[in-house]
Amino acid sequence: MSPILHAIVTTVGGILAGLALAGGLLWRQHQALEAARYDATHDDITGLPNRRLLLTRLRAALTENAPCGLVLLDLDRFKTVNDTLGHDTGNILLAQVGRLLAGLQAPVEIVARLSGDEFALLVRGDHDETAAVAHTAWRAIGAAPIGLDCGDISVSASVGYTHTHLSTPPRQLLAEADEAMYHAKRSGIGVCGHRPLTTPPGRRSRDRHHR
């Protein structure tokens, strides 16, 4: 090989190696960015979307003026599970419940874990469809004992739901569904639709703290 050809081959090889290195670096940066975006919008215990992503999707639905509903639920006596069986077992239970809810079909658009043992479902449908999803979620959780490392455990939930109405902001819908869920828990009826607030806010906060 002539010196000139050798120099050309060496230069081209160096350029290709540099491009490969830069490409690998860009790929790793892209992967890291995607992972950071996922972590920012998903719950690390259940893998479900978190409150941030739920609100984003709810705002989008409201912007489209499409009929939609919001279902909130939390597990009854979950604190007892944490206190008696430990937080690791509690986390496993949350993950199992998350999988049950994630398996619900349309018109459920998104299932999210908000915090603690509280989950939310965004429903793309009318009031009756929202109510049906609320009852379906309630039955799915209580249908059969959930298998844990320590054995099977029976689980129940309290479920509240609301439906969109004119110019309702997302956080108001959350508050309405939360109030309905609290009423379901307090009365023991399992599932409840939104109704006007009847309990003084101070009393409600204390009761929810000790449930």
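Look up a bit, the structure's there.
Bear in mind the structure is a predicted one, so any value in this text is a computation, not a measurement. (Residues numbered from 1 in each chain as written. Predicted model: local features only at pLDDT ≥ 70, side-chain atom pairs only at ≥ 80, totals over all residues. Heavy atoms only, no water.)

1. Quick notes on the pairing of strand S6 (residues 157-163)
Here is step 1 of the chain: For S6, a buried count of seven out of seven residues is recorded, marking the element as mostly surrounded by other parts of the structure.
Here is step 2 of the chain: A two-sided burial pattern is seen for S6, the buried positions comprising Ala-157, Val-159, Tyr-161 and His-163 on one face and Ser-158, Gly-160 and Thr-162 on the other.
Here is step 3 of the chain: In this sheet, S6 lies alongside strand S1 (residues 69-75) in antiparallel orientation, the contact comprising seven bridges. Its bridge partner being in S6, Asp-74 is matched across the sheet by Ser-158.
Here is step 4 of the chain: Pairing of S6 with strand S7 (residues 191-193), which is carried by three bridges, proceeds in the parallel orientation. Across the sheet, the residue bridging to Gly-160 is Cys-192, located in S7. (Buried < 20%, exposed > 50% of the residue type's maximum accessible area, 1.4 Å probe, protein only. Helix = DSSP H or I, 4+ residues; strand = E, 2+ residues; numbered from the N terminus. Pairing = 2+ DSSP bridges.)

2. Structural notes on helix H2 (residues 51-63)
Here is step 1 of the chain: With 13 residues, H2 ought to run about 18 Å at 1.5 Å a step, and its terminal C-alpha atoms sit 18 Å apart, in line with that.
Here is step 2 of the chain: In this structure Asn-50 caps H2, since a side-chain oxygen of it lies 3.2 Å from the backbone nitrogen of Arg-52.
Here is step 3 of the chain: Backbone geometry just downstream of H2 places Asn-65 in the positive-phi region, at approximately 55°. (Expected span 1.5 Å × (residues − 1). Polar contact = N/O pair within 3.5 Å; in protein donor to acceptor, adjacent residues only side chain to side chain.)

3. Considerations on helix H6 (residues 170-187)
Here is step 1 of the chain: Its 18 residues place the ends of H6 26 Å apart at the C-alpha level, agreeing with the 26 Å of an ideal helix rising 1.5 Å per residue.
Here is step 2 of the chain: Counting buried positions along H6 yields 13 of 18 residues, so the element is predominantly enclosed.
Here is step 3 of the chain: Residue Gly-188 follows H6 closely and has a positive phi angle near 75°.

4. Side note on the environment of Thr-162
Here is step 1 of the chain: With respect to the helices and strands, Thr-162 occurs in strand S6.
Here is step 2 of the chain: Residues Thr-162 and Leu-174, 12 residues apart in the sequence, show an inter-C-alpha distance of 8.3 Å.
Here is step 3 of the chain: The contacts of Thr-162, once residues within four sequence positions are left out, are Gly-69, Leu-70, Thr-130, Leu-173, Glu-176, Ala-177 and His-194.
Here is step 4 of the chain: Of the polar contacts made by the side chain of Thr-162, one reaches the side chain of Glu-176; its length is 2.7 Å. (Contact = heavy atoms within 4.5 Å.)

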